[in-house]
Amino acid sequence: DAGITQSPRHKVTETGTPVTLRCHQTENHRYMYWYRQDPGHGLRLIHYSYGVKDTDKGEVSDGYSVSRSKTEDFLLTLESATSSQTSVYFCAISESGGSGETQYFGPGTRLLVL
Amino acid sequence: TQLLEQSPQFLSIQEGENLTVYCNSSSVFSSLQWYRQEPGEGPVLLVTVVTGGEVKKLKRLTFQFGDARKDSSLHITAAQTGDTGLYLCAGDGTATNKLIFGTGTLLAVQP
């Protein structure tokens with residue numbers, strides 16, 4: 001199994017509070033991704049990183065920011081959580097982001113915004 | 001925007017039955033992947049197909065990429081309870097290296 005951990009695994013928070021989710025990898029892969037998974041929508045890309053301090057937006061980036069100060073860590077921040085951000089968040093990594101390359105997923109973080 | 005639609009959304013079958021899951025789009029994809037996700041875990045890659053018309057077999061699972069690279073199918077022969085899970089197709093868009101995931105098919109195989 002690829003060495004990917006996510007923390008926390010579960011979180012309950014209130015509307016308007018900031019929340020930071022962490023993804024940590026031990027594979028030294030260049031690309032890291034944050035997805036959210038909601039019923040009927042599959043997985044949707046929030047943000048991704050192609051190197052330290054290099055990030056770009058995905059399909060559903062509004063209300064989210066990311067940072068990557070080290071190869072192994074990719075942080076996702078909800079600046080002011082809303083109920084629509086209740087979801088399961090998955091981090092993924094890939095070696096070089098090439099076409100058809102495997103993405104390896106973490107175990108997910110279940111976030112509930114009340 | 002490239003979209004991938006999967007059908008059916010839900011499938012409940014008895015052990016030993018055969019089934020097919022479809023993944024369709026109006027867009028062309030340079031490659032297509034199938035992932036399986038079990039409850040409480042992240043998706044795990046099953047296969048990648050890259051050539052139009054390509055067929056790949058993984059034990060009882062057969063994957064096909066459409067000739068025009070717009071669709072794919074997953075056929076499971078003699079389903080087992082261990083096949084239970086969420087099956088996701090994911091396409092690698094021709095204009096970007098970001099994966100686009102399908103809506104998912106939730107499969108339940110009853111003993």
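Each remark here, short or long, concerns the structure printed above.
What counts and what doesn't
- Residues numbered from 1 in each chain as written.
- Chains lettered and ligands numbered in written order.
- Predicted model: local features only at pLDDT ≥ 70, side-chain atom pairs only at ≥ 80, totals over all residues.
- Heavy atoms only, no water.
- Helix = DSSP H or I, 4+ residues; strand = E, 2+ residues; numbered from the N terminus.
- Buried < 20%, exposed > 50% of the residue type's maximum accessible area, 1.4 Å probe, protein only.
- Contact = heavy atoms within 4.5 Å.
- Polar contact = N/O pair within 3.5 Å; in protein donor to acceptor, adjacent residues only side chain to side chain.
- Patch = residues over 30% accessible without salt bridge, like charges linked within 9 Å, V, L, I, M, F, W, Y side chains within 5 Å.
- Areas by Shrake-Rupley, 256 points an atom, 1.4 Å probe, with all protein chains shown as cover.
- Salt bridge = Lys/Arg side-chain N within 4 Å of Asp/Glu carboxyl O.
- Disulfide = S-S within 2.5 Å.

A. Geometry of the environment of Arg9 of chain A. Inspection of the secondary structure puts Arg9 of chain A in the loop between β1 (4-7) and β2 (10-13). Under the relative-accessibility criterion, Arg9 of chain A is labelled partly exposed at 36%. It is 9.5 Å that separates the C-alpha atoms of Arg9 of chain A and Val88 of chain A, two residues lying 79 residues apart in sequence. Look past the residues within four positions of Arg9 of chain A in its chain and what remains in contact with it is Pro107, Gly108, Thr109 and Arg110 of chain A together with Gly40 of chain B. Among the polar contacts made by the side chain of Arg9 of chain A, one reaches the main-chain carbonyl oxygen of Pro107 of chain A at a distance of 3.3 Å.

B. Geometry of a nonpolar patch on the surface. All names here are of chain A. Nonpolar side chains collect at one region of the surface, where Val12, Leu112 and Leu114 lie side by side and expose about 290 Å² of accessible area between them. Considering the arrangement of structural elements, one finds Leu114 in the segment after β11 (109-113). On the accessibility criterion, Leu114 (58% relative accessible area) is exposed.

C. Focus on the state of the cysteines. Applying the stated criterion across every chain, the model contains 2 disulfides over all chains. Sulfur-sulfur distance for the disulfide between Cys23 of chain A and Cys91 of chain A comes to 1.9 Å. With the S-S dihedral at roughly -70°, the linkage between Cys23 of chain A and Cys91 of chain A falls on the left-handed side. Placement of the pair is Cys23 of chain A in strand β3 (residues 19-25) and Cys91 of chain A in strand β9 (residues 87-94), with a sequence separation of 68 residues. Assigned by exposure class, Cys23 of chain A and Cys91 of chain A land together as buried. What pairs with Cys23 of chain B in a disulfide is Cys89 of chain B, and their sulfur atoms sit 2.1 Å apart. Across the S-S bond linking Cys23 of chain B and Cys89 of chain B, the dihedral sits near 80°, which makes this disulfide right-handed. Of this pair, Cys23 of chain B sits in strand β3 (residues 19-24) while Cys89 of chain B is found in strand β9 (residues 85-93), placing the two residues 66 residues apart along the sequence.

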